[in-house]
Amino acid sequence: MIQQKIILFLEKFAKGTITAAEQEEFMELISTVDLEEYEQIIDSYQEILKQYPVSNIPNSDLLAKIENRIHKHEKRNTIVALFSAWGKIAAAASILLFLSVSGYFLWHKQAPGKQIARNKPLHYDIAPGGNKAILTLANGKQIALNDAKNGTLAKQGTITINKTSNGQVVYTAAASTAQNPQLIAYNTIATPRGGQYHLTLADGTNVWLNAASSIKYPTAFAGNERRVEITGEAYFEVVHNAAKPFRVTCNGQTVEDLGTHFNINAYSDEKVVKTTLLEGSVRISSTGEDKILKPGEQSQLESGNINVANVNVDEVVAWKNGLFDFKDANVEDVMRQLARWYDVDVEYQGKIPETLFTGKLHRNVNASQILDILSYFKVQFKIENEGAKKKIIVIP
């Protein structure tokens with residue numbers, strides 16, 4: 001009965017018809033449910049949101065004034081949050097948080113006039129990243145892809161480089177090109193911090209580059225293999241050709257396609273090179289050691305050793321789908337991702353907080369909205385903007 005009443009109140013909330021008295025009753029009821037019931041309530045609320053336009057949801061205290069009530073518990077250093085900036089809710093800065101502290105799920109409404117002890121308002125803000133990259137041709141000429149007009153970008157012998165209406169770079173080679181290695185040149189596409197890009201290679205393989213990443217590749221593929229080199233992070237959807245294997249080299253390893261969709265995270269500031277298989281099969285090679293991955297597996301290369309683990313692939317490729325997806329991520333893990341996407345430096349004042357974060361956030365919001373959510377976990381942030389230099393300061 002309690003669960004049904006809570007769901008009824010949530011439906012009224014989505015309609016914009018919930019009264020102040022019902023909000024008070026809702027707050028009392030929600031604090032009595034156990035973990036299993038709470039998860040069912042979340043599922044029900046997500047279904048409710050599909051039935052009603054998000055624009056109907058009011059910017060009320062029920063959304064805007066949520067406080068995380070910390071409980072002393074043996075696991076108090078592990079804070080788990082399920083959070084999402086949903087479309088127009090995020091745009092209105094009305095972000096619904098489902099907070100979990102050591103297994104307790106609570107919503108708390110302030111007394112009128114009481115202020116939550118949180119960050120001071122952020123004076124500066126930082127826009128999210130976008131489709132930005134530099135194409136470097138074999139002759140050294142550079143093209144800023146975000147500024148370039150749609151259509152033909154360049155011609156290199158029998159190869160044509162086009163930019164499509166959706167901003168994608170596509171290589172088209174004449175049929176005879178692959179039989180004449182002398183016609184083939186090497187290009188590089190590099191994304192800055194705060195950038196991402198999608199390109200299609202001459203064989204039809206699709207590549208998505210994350211921020212601060214690059215790929216070096218031939219304008220056409222000759223010989224008995226297709227080989228590219230990356231830095232940073234890239235997601236591949238390879239056109240399989242058993243007679244001409246596709247190989248990716250990075251940070252001391254080679255990934256060979258055996259008919260595949262896979263993601264490689266090889267940032268220089270990460271301790272481990274991670275290759276995650278979504279479809280098909282890949283072979284990972286490093287210093288004489290080989291591993292073949294199955295879908296859902298991830299190889300982790302560290303100090304020349306390859307370990308394999310099962311992972312949630314949706315979390316791994318969340319960046320490609322416009323999300324941050326954290327799973328027990330510490331502050332430094334989170335801030336490395338934010339630094340790349342928002343093109344900022346990160347500074348820590350005092351001891352680095354031991355808080356762990358789990359949850360999803362959209363990448364298409366300003367940095368202040370991300371930091372606003374993270375600050376509910378007793379971590380404070382400050383944005384400094386001195387000319388072209390942007391910095392996020394983490395304060396315990």
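Presented here is an overview of the structure given in this document.

Thresholds applied
- The numbers attached to residues start from 1 for each chain and follow its sequence in the written order.
- Local features are withheld for residues below a pLDDT of 70 in this predicted model, meaning they are given only at 70 or higher, and side-chain atom pairs are given and counted only at 80 or more; totals for whole chains, interfaces and linings count all residues.
- Side-chain calculation: all heavy atoms of the structure are included, whereas hydrogens and water are not.
- Two strands pair if DSSP finds at least two bridges between them.
- Put simply, DSSP marks the helices as runs of H or I at least four residues long and the strands as runs of E at least two long, and each gets a number from the N terminus on.
- Note on geometry: axes are C-alpha line fits, over the in-contact stretch for helices, and angles between N-to-C directions span 0 to 180 degrees.
- For this analysis, residues touch if any pair of their heavy atoms sits within 4.5 Å.
- Salt bridges are identified by distance alone: a Lys or Arg side-chain nitrogen within 4 Å of an Asp or Glu carboxyl oxygen.
- What is meant by a nonpolar core is a set of buried Ala, Val, Leu, Ile, Met, Phe, Trp, Tyr and Cys residues, joined one to another through side-chain atoms within 4.5 Å.
- Between buried and exposed lies partly exposed: a residue is buried under 20% and exposed over 50% of the maximum accessible area for its type, with that area taken using a 1.4 Å probe on protein chains only.
- Oblique is the label for every angle not falling under 35 degrees (roughly parallel), over 145 degrees (roughly antiparallel), or within 65 to 115 degrees (roughly perpendicular).
- In a left-handed crossing the near helix is turned counterclockwise from the far helix by less than a right angle, and in a right-handed crossing that turn is clockwise.
- Classification used: nonpolar for Ala, Val, Leu, Ile, Met, Phe, Trp, Tyr, Cys and Pro, charged for Asp, Glu, Lys and Arg, polar for all others including Gly.

Regarding the sheet that holds strand 27 (residues 389-395)
As a general point, the strands of a sheet are linked pairwise by backbone hydrogen bonds and lie either parallel or antiparallel.
Inference 1: Taking strand neighbours across the sheet as the criterion, the three strands line up as 24-27-26 in an open arrangement whose pairing is mixed. This sheet does not close on itself; its edge strands, each paired only once, are strand 24 (345-348) and strand 26 (380-386). Each neighbouring strand pair of the sheet contributes to a mean axis angle of 25 degrees, computed without reference to strand direction.
Inference 2: Two elements, strand 26 and strand 27, share seven bridges in a ladder whose sense is antiparallel. Each bridged residue has a counterpart across the sheet, and for Lys382 the counterpart in strand 27 is Ile393.
Inference 3: Helix 7 (residues 331-342) rests against strand 24, strand 26 and strand 27 of the sheet, and its axis sits at about 150 degrees to strand 24.
Inference 4: Contacts from helix 8 (residues 367-374) reach strand 26 and strand 27 within the one sheet, and its direction differs from that of strand 26 by about 160 degrees.

A word on the pattern of salt bridges
Inference 1: Tallying each qualifying case throughout the model produces 15 salt bridges.
Inference 2: Between Glu225 and Arg227 there is a salt bridge; the shortest N-O distance is 3.0 Å.
Inference 3: Residues joined by salt bridges that share partners form a network here, namely Glu225, Arg227, Arg247, Glu256 and Arg283.

Things to note about the nonpolar core
Inference 1: Within the largest apolar cluster, 42 residues are counted, with the highest numbers of intra-cluster contacts made by Leu135, Ile189, Ile215 and Phe236.
Inference 2: Top contributing element to this core by residue count: strand 14 (residues 226-237), with four residues.
Inference 3: Contacts of Ile215, omitting those with residues within four sequence positions, involve Asn187, Thr188, Ile189, Leu199, Val207, Leu209, Val228, Glu229, Ile230 and Phe236.
Inference 4: Counting residues in hydrophobic clusters, the runner-up holds 27 residues, among them Ala329, Val344, Leu371 and Phe381.

Considerations on the packing of helix 7 against helix 8
Inference 1: It is at 12 Å that the axes of helix 7 and helix 8 come closest, and there the two elements cross at 170 degrees. As judged from the angle between their axes, helix 7 and helix 8 are roughly antiparallel. In the crossing of helix 7 with helix 8, the sense of the turn from one axis to the other is right-handed. Across the interface between the two elements, Val334, Leu338 and Tyr342 from helix 7 touch Ala367, Ile370, Leu371 and Leu374 from helix 8.
Inference 2: Looking at the contact of helix 7 with helix 8 residue by residue, the classes come out as seven nonpolar, no polar and no charged.

With respect to the environment of Tyr124
Inference 1: You can see Tyr124 is positioned in the loop between strand 3 (104-105) and strand 4 (130-131).
Inference 2: Given the relative accessible area of 35%, Tyr124 is considered partly exposed.
Inference 3: Placed 261 residues apart in sequence, Tyr124 and Asn385 show a C-alpha to C-alpha distance of 6.6 Å.

A short note on unusual backbone geometry
Inference 1: Look at Ala212: it is not a glycine, yet its phi comes out positive at around 55 degrees.
Inference 2: One can find Ala212 in the loop between strand 12 (206-209) and strand 13 (214-218).

Some points on the environment of Val272
Inference 1: Assignment of secondary structure puts Val272 in the loop between strand 17 (261-266) and strand 18 (273-279).
Inference 2: Linking Val272 and Ser303, residues 31 residues apart in sequence, is a C-alpha distance of 8.4 Å.
Inference 3: Discounting residues that sit within four places of it in the chain, Val272 has contacts with Asn265, Gln300, Leu301 and Glu302.

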